[in-house]
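Chain residues, written in single-letter form:
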Amino acid sequence: MDPRIRALYSFISNEDEISESVKPVNKCLNITFKSCFENDKFVIKADKQLEIESVLDYLHDELNTGHWSEVPVSVRRAFTAASFVKTVILLHSSNTPEVLQQCLKALDMGLLLGAPLEINTDLLTNCATYLSKHVNEDTETRVTTNEKRKHNSEGLEKFESVKGVPVDVLSCPSLETFNKYFTTKVPLKLQDCVSHWPALTTWPDVNYLLKVAGERTVPVEIGSHYADENWRQKLMTLKDFIRSHFLGESPNIGYLAQHNLFDQIPELRKDIHIPDYCCLSDVEEAEDPDINAWFGPGGTVSPLHHDPKNNILVQVFGTKHLILYSPKDSPYLYPHDSLLLSNTARVDPFQHDPQFPDFTKARAYKSTLEPGDMLYIPPKWWHHVTALDKSFSVSFWWN
Ligand SMILES: O=C(O)CCC(=O)C(=O)O
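Residues numbered from 1 in each chain as written. Predicted model: local features only at pLDDT ≥ 70, side-chain atom pairs only at ≥ 80, totals over all residues. Heavy atoms only, no water.

By the naming in an unreviewed UniProt entry, the chain goes by JmjC domain-containing protein and is assigned to Zophobas morio. Quoted verbatim from the Subcellular location (unreviewed entry) field of UniProt, the annotation for the chain is "Nucleus". UniProt, in its Cofactor (unreviewed entry) section for the chain, records the words "Fe(2+)". (UniProt positions renumbered as here; feature names shortened; annotations may be inferred.)

Structure below.
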């Protein structure tokens, strides 16, 4: 047997690891995989494609049953393995640009919904990086964006109408100076700390993003903001997101928000660096920061909410307005009752609603982020974020 194929096969053959509920799936995967061999040669017959689709459909239903956090890791690993098998089967059918796109889609679905396998944890990531180069070379992706960035004057007026104190600003402070804000948990805007990031020069050209990752599937939030009842999430290629939402043809706001784009697409990870300030920690054994992308057109809104970790939000391009409140002011912000939205306020900092009379007691802190700025947001600090124009930010959450 071809040693590469044997290696692939070993990814899904560890029966001991598989929980009872997934055993039939694993068996099905094994049969699919084994039946692809004839005299030790890898042979794909047309029906294999159907077989693997039915395995993926079954697993997809399992993934969508109950709360995401309770989905067994074995189901997610089986989804990863099945996505890989589908890619192999597709590649054996042909290598036209359309098939390569289907392969990338299968790999991204595996990356977004699956879990890393125990051996060769980067299997799907590496396959996708490899195929992505070929797909993007073959596809016409150039888009012209001559548009000069326009600031949204209505947004500016709204922001200025909120009374508040400006967040302190320092230019590239020493670790020692930053530590004073870190230990007292006070927000701080930091300037001139990321001028060495390649992202600052490459990402504002949307053609760069299209070339590197245009065919990759990403999750996009559709709707005015995540607490809105019409809000939903959709998977689409980065190219479709850029064409229909970022470049403004779609009437619906689309926001590629809070997504770990950099584990999925390491080609973009090399354009950014973890800020040195993240080496300070509140715990003994700190883990690497969670890195998320926030990429969208002007007008995206993240409603007033708080997160459990320290955060450094870096602005790569575009301008964002932030309004912050201390955790001490939580009672004046009327958090939602439901568990799912308990970190989200019912007040809108731009509107004084008589339903929330104590909101006038809350003290707002304000900050504007321009390209190259970053904001330290301490854990549990409430923040409301509006993009004034096309914008890309990267957040680093850590303990
Ligand atoms: O930039 C945004 O829209 C929101 C960012 C945010 O909420 C965060 O980094 O925690």
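Engineer: With reference to specific residues and values, describe helix H4 (residues 73-93).
Structural biologist: In this model H4 runs 30 Å from its N-terminal to its C-terminal C-alpha over 21 residues, within 8% of the 30 Å that 1.5 Å per residue would give. Here H4 lies mainly inside the structure; 15 of its 21 residues are buried. (Helix = DSSP H or I, 4+ residues; strand = E, 2+ residues; numbered from the N terminus. Expected span 1.5 Å × (residues − 1). Buried < 20%, exposed > 50% of the residue type's maximum accessible area, 1.4 Å probe, protein only.)

Engineer: Describe the pattern of salt bridges, and please don't skip the residues or the numbers.
Structural biologist: Applying the stated rule across the entire model yields eight salt bridges. Linking Lys-86 and Glu-53 is a salt bridge whose minimum nitrogen-to-oxygen distance equals 2.8 Å. Of the two residues, Lys-86 is situated in helix H4 and Glu-53 in helix H3 (residues 46-63); the sequence distance between them amounts to 33 residues. Residue class for Lys-86 comes out buried when judged on its relative accessible area of 17%. Across the pair Arg-216 and Asp-108 runs a salt bridge, and its minimum N-O distance is 2.7 Å. Here Asp-108 lies in helix H5 (residues 97-113) and Arg-216 lies in the loop between helix H10 (206-213) and strand S6 (217-222), a separation of 108 residues in the sequence. For Arg-216, a relative accessible area of 0% gives the class buried. (Salt bridge = Lys/Arg side-chain N within 4 Å of Asp/Glu carboxyl O.)

Engineer: Please provide a residue-by-residue account of the site of the ligand, values included.
Structural biologist: Around the ligand, the structure places Tyr-255, Trp-294, Ser-302, His-305, Asp-307, Asn-311, Leu-313, Lys-320, His-383, Val-385, Ser-395 and Trp-397. The contact in question runs from an oxygen atom of the ligand to an N or O atom on the side chain of Ser-302, over 2.6 Å. Side-chain polar atom of Lys-320 to an oxygen atom of the ligand: 2.7 Å apart, as the coordinates give it. Notes on the ligand: free accessible area 290 Å², of which the protein chains cover 99%. When atoms are counted within 2 Å of each cavity's grid points, the one that captures over half of the ligand is the largest cavity. Residue assignment for the shell around the ligand shows that the elements contributing at least two residues are strand S10 (301-305), strand S11 (310-317), strand S15 (382-387) and strand S16 (391-398). Split by residue class, the shell around the ligand holds five nonpolar, five polar and two charged. (Near = heavy atom within 4 Å. Polar contact = N/O pair within 3.5 Å; in protein donor to acceptor, adjacent residues only side chain to side chain. Areas by Shrake-Rupley, 256 points an atom, 1.4 Å probe, with all protein chains shown as cover. 1 Å grid on protein atoms, 1.4 Å probe; cavity = no way out; pocket = protein on both sides within 12 Å on 5 of 7 lines; lining within 4 Å. Sits in = over half its atoms within 2 Å of the grid points. Nonpolar A, V, L, I, M, F, W, Y, C, P; charged D, E, K, R; others polar.)

Engineer: So what about helix H8 (residues 175-184)? Which residues, and what values?
Structural biologist: Buried residues of H8: Phe-178, Tyr-181 and Phe-182, and no others. The buried residues of H8 all sit within an arc of 100° when viewed along its axis, so they share a single face. In H8, the exposed residues that point more than 90 degrees away from the buried face are Glu-176, Lys-180, Thr-183 and Thr-184. In this fold, the buried residues of H8 make contact with strand S4 (169-171), strand S5 (188-191), S11, strand S14 (374-377) and S16. (Arc of directions from axis to C-beta. Contact = heavy atoms within 4.5 Å.)

Engineer: Give me the lowdown on the packing of H4 against H5, citing residues and values where you can.
Structural biologist: Remark: H4 packs on H5, axes separated minimally by 8 Å, with the N-to-C direction vectors making an angle of 175°. When the axes of H4 and H5 are compared, the pair comes out roughly antiparallel. Between H4 and H5, the residues in contact are Arg-76, Phe-79, Thr-80, Ser-83, Lys-86, Thr-87, Leu-90, Leu-91 and Ser-93 and Val-99, Leu-100, Gln-102, Cys-103, Ala-106, Leu-107, Met-109, Gly-110 and Leu-113, respectively. (Axes fitted to C-alpha atoms, helices over the stretch in contact; angles between N-to-C directions. Parallel < 35°, antiparallel > 145°, perpendicular 65-115°, else oblique.)

Engineer: For a negative patch on the surface, give the residues involved together with the corresponding values.
Structural biologist: Together, Glu-284, Glu-285, Glu-287 and Asp-288 give the surface a local cluster of negative charge. Tracing the chain through its elements places Glu-285 in the loop between helix H13 (266-269) and strand S9 (290-296). Judged by relative accessible area, which is 73%, Glu-285 ranks as exposed. (Patch = residues over 30% accessible without salt bridge, like charges linked within 9 Å, V, L, I, M, F, W, Y side chains within 5 Å. Lys, Arg positive; Asp, Glu negative; His and termini not counted. Charge placed at Lys NZ, Arg CZ, Asp CG, Glu CD.)

Engineer: Residues and numbers for the nonpolar core, please.
Structural biologist: Generally speaking, a soluble globular protein has its nonpolar side chains buried in company with each other. Within the largest apolar cluster, 46 residues are counted, with the highest numbers of intra-cluster contacts made by Trp-203, Phe-262, Leu-268, Phe-295, Phe-392 and Val-394. Here the element with the most residues in this core is H10; it accounts for six residues. Residues contacting Trp-203, with those up to four places away along its chain left out, are Tyr-208, Leu-209, Phe-262, Leu-268, Asp-271, Ile-272, Val-316, Phe-317, Phe-392 and Val-394. Core analysis: the next-biggest nonpolar cluster, separate from the first, contains 15 residues, Phe-84, Leu-90, Leu-131 and Val-135 among them. (Core = buried A, V, L, I, M, F, W, Y, C linked by side-chain atoms within 4.5 Å.)

Engineer: Describe the sheet that holds strand S7 (residues 232-237), with residues and values.
Structural biologist: Sheet architecture is open: nine strands sit in the order S4-S5-S14-S11-S16-S9-S8-S6-S7, paired in mixed fashion. Two strands in the sheet have a free side with no partner beyond their single neighbour: S4 and S7. Here the strands of the sheet are splayed against their neighbours by 25° on average, with no regard to which way each runs. Relative to S9, strand S8 (residues 254-259) runs antiparallel, the two sharing two bridges. In the strand pairing of S9, His-259 is matched with Ala-293. The strands touched by helix H11 (residues 238-246) within the sheet are S6, S7, S8, S9, S11 and S16, with S7 carrying the most contacts at an inclination of about 120°. (Pairing = 2+ DSSP bridges.)

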